[in-house]
Amino acid sequence: MDVMANVKSDEQLAEEYFDLYMAIRQTLREGKMELSDAEAYLAYKEKLLTEGAKKITQKMIYEIK
């Protein structure tokens, strides 16, 4: 049986995590989510990132103005 895996690049993973981070940040501002829930979900999603994606994501978050 042939199985084709959809492998994403570090940049794609970082972009998806960053988009999620920004969405959760907005949701927190609007008061629609508890901080503890946001932290738990982001921690879970961060564990799914590769080391390269984590570094890219950290840089993207650091550069938010």
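Right, let's walk through the structure included here.

The rules behind these values
- Residues numbered from 1 in each chain as written.
- Predicted model: local features only at pLDDT ≥ 70, side-chain atom pairs only at ≥ 80, totals over all residues.
- Heavy atoms only, no water.
- Phe/Tyr/Trp six-rings, centres within 6.5 Å; stacked < 30°, edge-to-face > 60°.
- Helix = DSSP H or I, 4+ residues; strand = E, 2+ residues; numbered from the N terminus.
- Buried < 20%, exposed > 50% of the residue type's maximum accessible area, 1.4 Å probe, protein only.
- Axes fitted to C-alpha atoms, helices over the stretch in contact; angles between N-to-C directions.
- Parallel < 35°, antiparallel > 145°, perpendicular 65-115°, else oblique.
- Left-handed = near helix turned anticlockwise from the far one by under 90°.
- Contact = heavy atoms within 4.5 Å.
- Salt bridge = Lys/Arg side-chain N within 4 Å of Asp/Glu carboxyl O.

So, the packing of aromatic side chains
On inspection of all chains with the given rule, the structure shows one aromatic pair. Summarising the aromatic geometry, the rings of tyrosine 41 and tyrosine 44 are spaced 6.4 Å apart at their centres and angled 35 degrees between planes, so their arrangement reads as tilted. Of the two residues, tyrosine 41 and tyrosine 44 both sit in helix α2 (residues 35-47), three residues apart, roughly one turn of that helix. Overall, tyrosine 41 belongs to the partly exposed group, its relative accessible area being 37%.

Overview of the packing of helix α1 (residues 10-29) against helix α3 (residues 51-62)
Contact geometry of α1 with α3 gives a least axis separation of 8 Å together with a crossing angle of 45 degrees. Classified by the interaxial angle, the pair formed by α1 and α3 is oblique. Pair α1 / α3 crosses with right-handed handedness. Contact residues: α1 offers Asp10, Glu11, Leu13, Ala14, Glu15, Tyr17, Phe18 and Tyr21, while α3 offers Gly52, Ala53, Ile56, Thr57, Met60 and Ile61.

Side note on the pattern of salt bridges
In this structure the tally under the stated criterion is three salt bridges. The salt bridge partner of glutamate 16 is lysine 8, with a shortest N-O separation of 2.7 Å. Note on lysine 8: relative accessible area 35%, which makes it partly exposed. The residue glutamate 30 makes a salt bridge to lysine 32 at a minimum N-O spacing of 3.2 Å. The exposure class assigned to glutamate 30 is partly exposed, which follows from its relative accessible area of 42%.

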